[in-house]
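So the chains spell out like this:
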Amino acid sequence: MTEQDRVTVNDPRGPVNNGVGPQYVFYGGADWMIRKGVESLRIVRDDRMRLADRFVRPVGYRIAADCLEKPGSVVLLEAEPGSGRRAAAIMLLHELGEDAGAEEEQEKDRFEELPATDKDEAILAPGEGDRFLLDLSGIADEEAYAKAQRLLAVRRSQVQEAGAHMVVVLPSGMEHAHAPQLEPHTVALGRPRGIAVVTRYLRMDRMAFHSTDLGSYDLQRLCERSPMRELARLTGLVRSARDSGRFGVDFAGWLDQAMHAVTDRAGEVGRQVATVRTVPERALLLAAAVFEEARADTVYEAWHGLMRTVRHEEETTTELARMDFGERLATLGIERALEGRLHFGRLAYAEAVRTYFWANFPGTRDDLRNWIGHAAGLRGLTTDDRVNVVVRFGERSLAVGRPDHLFDLVVRWADHATGASCDPRAVTALELGLSHERFGGWFRRRMYECARSGPLSDGLVRVLTAACLQSLGATHPDQAMVRLHYLAVRKGEAAREARDILLDLAGRDRRAYRLLIDRLRDRARREPREAELHLHLLAELLRSDRAPEPPPWPDLFLGWEKVFSHPPTERWNPLVSSWLNAAAGDSTREMALGVMVGATHGRTAALHRLYAIACDWAGPRHHPSRAAVAALFWQHIDNAQYVRRESAKRAGAGPRTTEEAR
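In this text, all values refer to a predicted model and were calculated from it rather than measured experimentally.

Criteria and cut-off values
Residues numbered from 1 in each chain as written. Predicted model: local features only at pLDDT ≥ 70, side-chain atom pairs only at ≥ 80, totals over all residues. Heavy atoms only, no water. Helix = DSSP H or I, 4+ residues; strand = E, 2+ residues; numbered from the N terminus. Expected span 1.5 Å × (residues − 1). Buried < 20%, exposed > 50% of the residue type's maximum accessible area, 1.4 Å probe, protein only. Contact = heavy atoms within 4.5 Å. Polar contact = N/O pair within 3.5 Å; in protein donor to acceptor, adjacent residues only side chain to side chain. Salt bridge = Lys/Arg side-chain N within 4 Å of Asp/Glu carboxyl O.

## Thoughts on unusual backbone geometry
Now for step 1: Between Glu549 and the following residue, Pro550, the backbone shows a cis peptide bond with an omega angle of -5°.
Now for step 2: On the secondary structure map, Pro550 appears in the loop between helix 24 (531-541) and helix 25 (553-564).
Now for step 3: The residue after Pro567, namely Pro568, is reached through a cis peptide bond having omega 0°.
Now for step 4: Of note, Pro568 is situated in the loop between helix 25 and helix 26 (572-585).
Now for step 5: At Arg206, a position not held by glycine, the phi torsion is positive, near 55°.
Now for step 6: Here Arg206 shows up in the loop between helix 6 (194-204) and helix 7 (217-225).
Now for step 7: Not every positive phi belongs to a glycine, and Glu293 is a case in point at roughly 80°.
Now for step 8: Mapped onto the elements, Glu293 comes out in the loop between helix 11 (279-290) and helix 12 (296-309).

Encoded structure:
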């Protein structure tokens, strides 16, 4: 059972790095990249299916599943860190709908993670059968936990009333601060058997081994004490050792390499750095670790770039008089493959080097950010190389609590993008931040602040849009809609692209469609100076080709009501014409004619405008078949005018006086 190695695959046709080290999945080209193997918050169905294949149920799981089964149930999980508590929460919710196919599940209900705080603008509107994960495990102080519990009480009530389901992961060490009313809903989970987790992962990786191969004392001890994510990492290293072809051909050798990688590498790196005292040697060691698997010439260039960044003075002697590059590499244990790419001789050694430098040289972190900002764009790098570098830098920055360094590069790379392209480095960095268990909320808030702020470059708008579409939309769809809305009402080509994506996403999901209508109506009311932008977007959303099937008539009525109550009437033309076209092609859409007329509330000017639009739509230059639809529309307009006249007559007559009554 683990929280690691979850991945969303929308299109399996893209290039994938199958060698040692991080792996990536590409969405429709280099601009849409998600790293595979990064701790992720994604809980869409593909991820859950993969997790289900590797999941080992902990003690207490069956009790929690029974408690969650009834509609409206809320279960709180109490478990130690590293026990796979988040994975258990995901699987409890997943198994509620495991009998449904992917399409059926998508239509029937939703599976969504809720933010731990109410700082974002997401509004919970649960429906029957919806499933929610609320992870509070990152909360570390009593004040924050008290606020979270107050918000939890509200959400719990909403979930119960709607007949939805929610699983909450409670923070460890805060048992004394639990609200008493939550106690009956709390289930304690034990730690699953570590050796069972390792066995399950290895078998899913099609690893050939016998149970006796896992019987060593060191492995048993590791399985008893290590967090679940570390056990998953161990099995991933066994797979990497096998796939690399550099560490023998038998399972025992691969496992031995993996065991050394997780137990010995930190000490080995520390001893090496202690003996490597000069700036050029240490800079080369770090450059090779960050750019591992890149070509030697590119690593050489990155190495010299790092020395310039840390302000190391160039040696005065000519390069021909110094130790050659190959000898320097060999001295540091760095090997050059036949195709010219560099790697360390020991499994996972580069990762340990990166970890060591970021942890033990804190004063260089700003310089390292600036170095990566330039070096990740070196011409000799392939697309895979660039993504590797970005992810390696991002992992280390997040590990030492510097998400701002990663976001700084997102903005820098995005602002310098040329043309209509979306910088893949910036997209990768932002999605890495969003998928991080500890700092995902930090990145969501930064996206929100950016989307609402002053002028943004087109490049940054495109990166934020891509992250909403590919990453945030899968984990926090309501928050993705909020951020896309702010991006869509800006000026420029990139804003138009954000607008198209927002409208497309809303049209795919009835709930999202309703929420966006409500949001646009509300913003047009609350922000008078920006009302025109919101109303223009609302008019586009309400066109027939944007509406889900079957059309949600009550929501369309509310939207049309808002649009028809504001000038200019020119914005009505494509909206009304689209529904006249729809009614001409499908008689079931004729209901739109009456609903639209009703949305004017009989206002004479609005009815006249609808009449004129229909006249132009059905004019002599158009097909005669339109005449019947236009006539039906005019009939609705005439009826509305008649009702208004009669109401006006009754209102004009007023109550009779006493004398008139005599």
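## With respect to helix 23 (residues 510-526)
Now for step 1: For helix 23, which comprises 17 residues, the first-to-last C-alpha distance of 24 Å matches the rise-based estimate of 24 Å (1.5 Å per residue) to within 8%.
Now for step 2: Inspection of helix 23 places Arg511, Ala512, Tyr513, Leu516, Ile517, Arg519, Leu520, Arg523 and Ala524 among the buried residues, and these make up the whole buried set.
Now for step 3: For helix 23, the secondary structure elements touched by its buried residues are helix 21 (477-488), helix 22 (493-508), helix 24 and helix 25.
Now for step 4: Of the residues that open helix 23, the one with a side-chain oxygen 3.1 Å from the backbone nitrogen of Arg511 is Asp509.

## Brief notes about the pattern of salt bridges
Now for step 1: As enumerated under the stated definition, the model contains 33 salt bridges in all.
Now for step 2: Here Asp522 makes a salt bridge to Arg525, at a shortest N to O gap of 2.7 Å. Taken together, the positions of Asp522 and Arg525, both in helix 23 and three residues apart, correspond to about one turn of that helix.
Now for step 3: Overall, Arg525 belongs to the exposed group, its relative accessible area being 54%.
Now for step 4: In this structure, the salt-bridge partner of Arg543 is Asp545, at a minimum N-O distance of 2.8 Å.
Now for step 5: What emerges from the salt-bridge pattern is a single network uniting Arg54, Asp205 and Arg239.

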